[in-house]
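Breakdown of the fold
Residues per chain, in single letters:
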Amino acid sequence: MAPVRLMIGFALAATSLLSNPVAAQTAPSRPITLIVPFAAGGPTDVIGRIVADSMSRTLGVAVVVENVAGNSGVTGVTRAARATPDGTTLVVGNMGTHAAAVSLQANLPYDPLRDFAPVGLIASTPMLLLASPRVPARDLPAFIAHVKANANRLNFGTAGVGTTSHLACAMFNALIGVEVTHIPYRGTAPVLNALISGEIDYGCDQTAGALPQVLAGTVRGLAIATRTRTPAAPDLPTSVEGGLPDFQATAWNALFAPRGTSPEVVARLAAALQTALADPAVSARLTQLGAELPAPADREPAALTALVRSEIDKWGGIIREAGIAPAP
Ligand code: ASP
């Protein structure tokens, strides 16, 4: 009798899925690949992994982070844009990949607005100006004087042209009027290692990547590029306090699916992201890293579309005004 009951059960389940195609479509039964377009251990990776865990529990499938680093994040983001739009491939984008890169990269192979179905905003994180502990300057005014006096001998590291770390450091250089050798890495985790070893002199990163090293003293935090200090590192002075008030840059991270992903699937993924961000354990981990969480309405897919559009315009204007040259 048991096998017969089992077969009837299977038949009923199959019938209900067939008669309800939306349920079948919105319930990914295969693991989800969450592409992180930068090296492991950087802010995109850290933030992606925090929400992946929770989303995996909500959705009942594994959400597997895959670091597809290189070429300023373009390799991973492009792979996501071209993936089958069935909800099983997502990418963690950010203010660089989905906004600043439009103005800083000459031949971006994807269009942040046209090629993606936005799922939701995860969090915003201020940018930090960081120095190697080997650099003699200990605060922002002394560091500015040091860079101006030694510009042709120094170098700075970023996650590549058009990334948030590149934008912030290029903005810093433009504001103080220097040209310094740029060394691109596959993400800001390797930038932090290069700062610690003294391979590079300075760099920039989102708080979510660099704050633990800054608080441990292995990397020198010179300024947070915001008007107010962050409760996550109350001793870290702002750029305003350091005498460079126009050095203002906040990045954000968000989830995107490929264009063509059905609205039902996007809604289900967006709901799982909302559940993750409403979890006090998740929000505590993010805020400890200096992240600010958006209000629930600002996390919705439509709000993310609006954010990407306005950030492309905003950073395009700042990049032009500051005279930050796009890469060839
Ligand atoms: N978010 C960093 C950047 O855009 C890269 C990373 O996450 O490693 O520079």
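Now for a quick tour of the structure.

What counts, and where the lines are drawn
Residues numbered from 1 in each chain as written. Predicted model: local features only at pLDDT ≥ 70, side-chain atom pairs only at ≥ 80, totals over all residues. Heavy atoms only, no water. Helix = DSSP H or I, 4+ residues; strand = E, 2+ residues; numbered from the N terminus. Rg over C-alpha atoms; globule rule 2.2 N^0.38 Å. Buried < 20%, exposed > 50% of the residue type's maximum accessible area, 1.4 Å probe, protein only. Contact = heavy atoms within 4.5 Å. Areas by Shrake-Rupley, 256 points an atom, 1.4 Å probe, with all protein chains shown as cover. Lys, Arg positive; Asp, Glu negative; His and termini not counted. Charge placed at Lys NZ, Arg CZ, Asp CG, Glu CD. Pairing = 2+ DSSP bridges. Phe/Tyr/Trp six-rings, centres within 6.5 Å; stacked < 30°, edge-to-face > 60°. Disulfide = S-S within 2.5 Å. Expected span 1.5 Å × (residues − 1). Salt bridge = Lys/Arg side-chain N within 4 Å of Asp/Glu carboxyl O. Near = heavy atom within 4 Å. Polar contact = N/O pair within 3.5 Å; in protein donor to acceptor, adjacent residues only side chain to side chain. 1 Å grid on protein atoms, 1.4 Å probe; cavity = no way out; pocket = protein on both sides within 12 Å on 5 of 7 lines; lining within 4 Å. Sits in = over half its atoms within 2 Å of the grid points. Nonpolar A, V, L, I, M, F, W, Y, C, P; charged D, E, K, R; others polar.

A separate point is the overall build of the chain. Helix and strand counts for the chain come out as twelve helices and nine strands. By the compact-globule yardstick of 20 Å for 328 residues, the chain fits well, its C-alpha radius of gyration being 21 Å. Each of the three principal axes of the chain carries a C-alpha extent, and together these read 85 × 40 × 35 Å. For the chain, buried positions account for 55% of its 328 residues. A fraction of 79% describes how many contacts in the chain between residues 6 or more apart in sequence connect residues 24 or more apart. Of the roughly 13,800 Å² that the chain leaves accessible, carbon and sulfur atoms contribute 57%. Taking the average place of the 22 positive charges on the side chains of the chain and the average place of its 22 negative ones, the gap between the two points comes to 5 Å.

Now for the pairing of strand β3 (residues 89-94). The buried fraction of β3 amounts to six of the six residues, a majority that puts the element mostly inside the structure. Of the two faces of β3, the one carrying T89, V91 and G93 and the one carrying L90, V92 and N94 are both buried. With three bridges joining them, strand β1 (residues 32-36) and β3 adopt parallel strand pairing. Among the inter-strand pairings, T33 is bridged to a residue of β3, identified as T89.

Within this structure, the stated rule accounts for seven aromatic pairs. Ring centres 5.9 Å apart and planes at 65° place the aromatic pair F172 and F247 in the edge-to-face group. Pair noted here: F172 is in helix α7 (residues 164-176) and F247 is in the loop between β8 (220-224) and β9 (250-258), with a separation of 75 residues, a long-range link. For the pair F172 and F247, a shared accessibility class is recorded, and that class is buried. Through a chain of ring-to-ring contacts, three or more aromatic side chains come together here, namely F143, F156, F172, Y202 and F247.

Let's shift gears to the state of the cysteines. Enumeration according to the criterion identifies one disulfide in this entry. Covalently, C169 is tied to C204 through a disulfide, its sulfur atoms 2.4 Å apart. Taking the sign of the torsion about the S-S bond as the criterion, the disulfide between C169 and C204, at about 105°, is right-handed. Separated by 35 residues along the polypeptide, C169 in helix α7 and C204 in strand β7 (residues 202-206) bring together distant segments of the chain. Side by side, C169 and C204 carry an identical accessibility label, which is buried.

Glancing now at helix α10 (residues 263-278). Between its first and last C-alpha atoms α10 spans 22 Å; for 16 residues at 1.5 Å apiece the expected length is 22 Å, and the two agree. Residues of α10 that are buried include every one of V265, V266, L269, A270, A272, L273, Q274, A276 and L277, and no others.

All right, on to the pattern of salt bridges then. This structure, assessed with the given rule, holds six salt bridges. D86 is the partner of R30 in a salt bridge, and the nearest nitrogen-oxygen pair spans 2.9 Å. In this pair, R30 sits in the loop between α2 (21-26) and β1 while D86 sits in the loop between α4 (74-81) and β3, placing the two residues 56 residues apart along the sequence. Among the residues examined, R30 registers a relative accessible area of 48% and is labelled partly exposed. On the basis of relative accessible area, D86 is assigned to the partly exposed category, the value being 26%.

For the ligand, the full set of nearby residues is F38, G42, P43, T44, N94, A159, T163, T164, S165, G187, T188 and Q206. In the environment of the ligand, an oxygen atom lies 2.5 Å from a nitrogen or oxygen atom belonging to the side chain of T44. In the environment of the ligand, an oxygen atom lies 2.8 Å from a nitrogen or oxygen atom belonging to the backbone of T188. Contact with the protein chains hides 100% of the accessible area of the ligand, taken as 270 Å² for the molecule alone. The cavity that encloses the ligand is the largest cavity. A breakdown of the residues in the shell around the ligand according to their chemical character gives three nonpolar, nine polar and no charged.

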